[in-house]
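Listed below, chain by chain, are the residues.
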Amino acid sequence: MSTLENFIAGLPKAELHLHIEGTFEPELMFRIASRNGLKLKYNSVEELKAAYDFNNLQEFLDIYYSGAGVLIGEQDFYDLTWAYLLKIHSQHVGHTEIFFDPQTHTSRGIPFHTVISGIQRALEDGHEKLGITYRLIMSFLRHLSEEAAFQTLEEALPYQSWITAVGLDSSEKGNPPSRFERVFAKARAEGFLTVAHAGEEGPAEYVWEALKLLHVSRIDHGNRSLEDVRLTEELVRLKMPLTVCPLSNLKLKVVNDMTRHPLAEMLEKGMMVTVNSDDPAYFGGYMNENYLALAQALNLTQEQIAQLARNAFSSSFLNEKEKAEQIAKIDRYVGQQKG
Ligand code: ADE
Ligand code: ZN
């Protein structure tokens, strides 16, 4: 391992943008499909992996939803989440805030309870056995109706103690945050925090809407914010966290070349940027691989890399004491590396 790889591997990290359905590794997908008596469209792991060649977000989403279609029972959701937790444990990710997309499953007749209980049980085990702290974020699918989002919010209310925030994901173009203003208002009234994917493929205007209409605590992606100088200034002023996903951006052709990734300019402008893996089973890497690809392409210093990790803890939904403890761990680690 290179010095850089070593530094990143041992750095205490937090992940703030991760779709649990996007951690579904092909091998596990085939295993779960087989135990549920289901056949995938592909004959082998290799054939499935060969299909992971996307030109845009929608091409990815089509495959991602079809893969998630083999998750049926509570144990399936447990196994999916547990495999992810084991993986991030090996990468020194001590805190994770994960999205789940209930509508991907309830629309297939899987009860909301089945989905959330499997995920939550694994998260509790991950905390107890691996020491990983977590928050759960329920994401509405923006290609579906406002009414469907309201219904999902109703279904979530009995599980509110397990869900910290609501989010907005899926096909961005043509589905602005304004379509979900009312359902987000209701979610906030019920006590949920809010986040939203914006400015991944959609315009800077959608980032404004996420701020002004959905009152988000973080912007997921936010790449295209840089096209609007006033918006960029506002995001800096608010210290609004952006959960940037480098390998996702490359795989979905949001950026064509990692050396031109907008994170360099975001850092230069003083934006509160963080590094995340989005859908690691589909995009070629978990947290370490994302940090490494970015650090190599942008020639980041160890101090810049450590700052990205501090940003993630300070942008998380942990309380102030927990944030300070985690950031102190990073400072100690950086000190040891120098010493
Ligand atoms: N769902 C899973 N990954 C996503 C992404 N990168 N953008 C929008 N919706 C998603
Ligand atoms: Zn995402």
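Basis of the calculations
Residues numbered from 1 in each chain as written. Chains lettered and ligands numbered in written order. Predicted model: local features only at pLDDT ≥ 70, side-chain atom pairs only at ≥ 80, totals over all residues. Heavy atoms only, no water. Helix = DSSP H or I, 4+ residues; strand = E, 2+ residues; numbered from the N terminus. Contact = heavy atoms within 4.5 Å. Core = buried A, V, L, I, M, F, W, Y, C linked by side-chain atoms within 4.5 Å. Buried < 20%, exposed > 50% of the residue type's maximum accessible area, 1.4 Å probe, protein only. Donors = N, O, S within 2.8 Å, 3.2 Å for Na, K, Ca; no water. Tetrahedral: all angles 85-135°; square planar, octahedral: opposite > 155°, others 65-115°. Salt bridge = Lys/Arg side-chain N within 4 Å of Asp/Glu carboxyl O. Phe/Tyr/Trp six-rings, centres within 6.5 Å; stacked < 30°, edge-to-face > 60°. Lys NZ or Arg CZ within 6 Å of the ring centre and 35° of its normal.

Caption draft 1: The arrangement of the environment of glycine 22 in detail. By secondary structure assignment, the location of glycine 22 is in the loop between strand 1 (13–19) and helix 2 (26–35). Expressed as a C-alpha distance, the spacing of glycine 22 and leucine 80, which sit 58 residues apart in the sequence, is 9.7 Å. Excluding residues within four positions of it along the chain, glycine 22 makes contact with Tyr64, Asp279, Pro280, Ala281 and Tyr282.

Caption draft 2: Quick look at the nonpolar core. Of all hydrophobic cores here, the largest spans 110 residues; its most connected members are Phe100, Ile219 and Tyr282. Apart from the residues lying within four places of it in its own chain, the contact partners of tyrosine 282 are Glu21, Gly22, Phe24, Met29, Tyr52, Phe54, Phe60, Ile63, Tyr64, Gly67 and Lys251. Counting residues in hydrophobic clusters, the runner-up holds five residues, among them Phe99, Ile137, Ala165 and Val195.

Caption draft 3: Highlighting the coordination of the zinc ion (ligand 2). Around the zinc ion (ligand 2), the protein contributes the donor atoms His17 (NE2), His19 (NE2), His197 (NE2) and Asp278 (OD), at 2.0 to 2.3 Å from the metal centre. Taken together, the four donor atoms coordinating the zinc ion (ligand 2) span angles of 83 to 175° at the metal, a pattern that classifies the geometry as irregular. Look at where the donors of the zinc ion (ligand 2) fall in the sequence and you get H-x1-H-x177-H-x80-D. Here the residue histidine 17 occupies a position in strand 1, and aspartate 278 occupies one in the loop between strand 8 (272–275) and helix 14 (280–283), the gap between them amounting to 261 residues.

Caption draft 4: Expanded view of the pattern of salt bridges. Tallying each qualifying case throughout the model produces 17 salt bridges. Measuring nitrogen to oxygen at the nearest pair gives 3.8 Å for the salt bridge that ties lysine 129 to aspartate 125. Note that lysine 129 and aspartate 125 are positioned in helix 7 (residues 112–130) at a spacing of four residues, about one turn of the helix. Among the residues examined, lysine 129 registers a relative accessible area of 54% and is labelled exposed.

Caption draft 5: View of the packing of aromatic side chains. Within the structure shown, the criterion is met by 15 aromatic pairs. Centre to centre, the rings of phenylalanine 7 and tyrosine 333 are 5.5 Å apart; their planes meet at 40°, and the pair counts as tilted. In this pair, phenylalanine 7 sits in helix 1 (residues 3–10) while tyrosine 333 sits in helix 17 (residues 320–338), placing the two residues 326 residues apart along the sequence. Tyrosine 333 carries the same exposure label as phenylalanine 7, and that label is buried. Geometrically, the ring pair formed by phenylalanine 54 and phenylalanine 60 is edge-to-face, given 5.5 Å between the ring centres and 75° between the ring planes. Across the pair, exposure class does not vary: phenylalanine 54 and phenylalanine 60 are buried alike. The rings of Tyr52, Phe54, Phe60, Tyr64, Tyr65, Tyr282 and Phe283 are connected pair by pair, giving a single aromatic cluster. Taking NZ or CZ as reference, arginine 218 lies 4.2 Å from the ring centre of phenylalanine 317, over its face.

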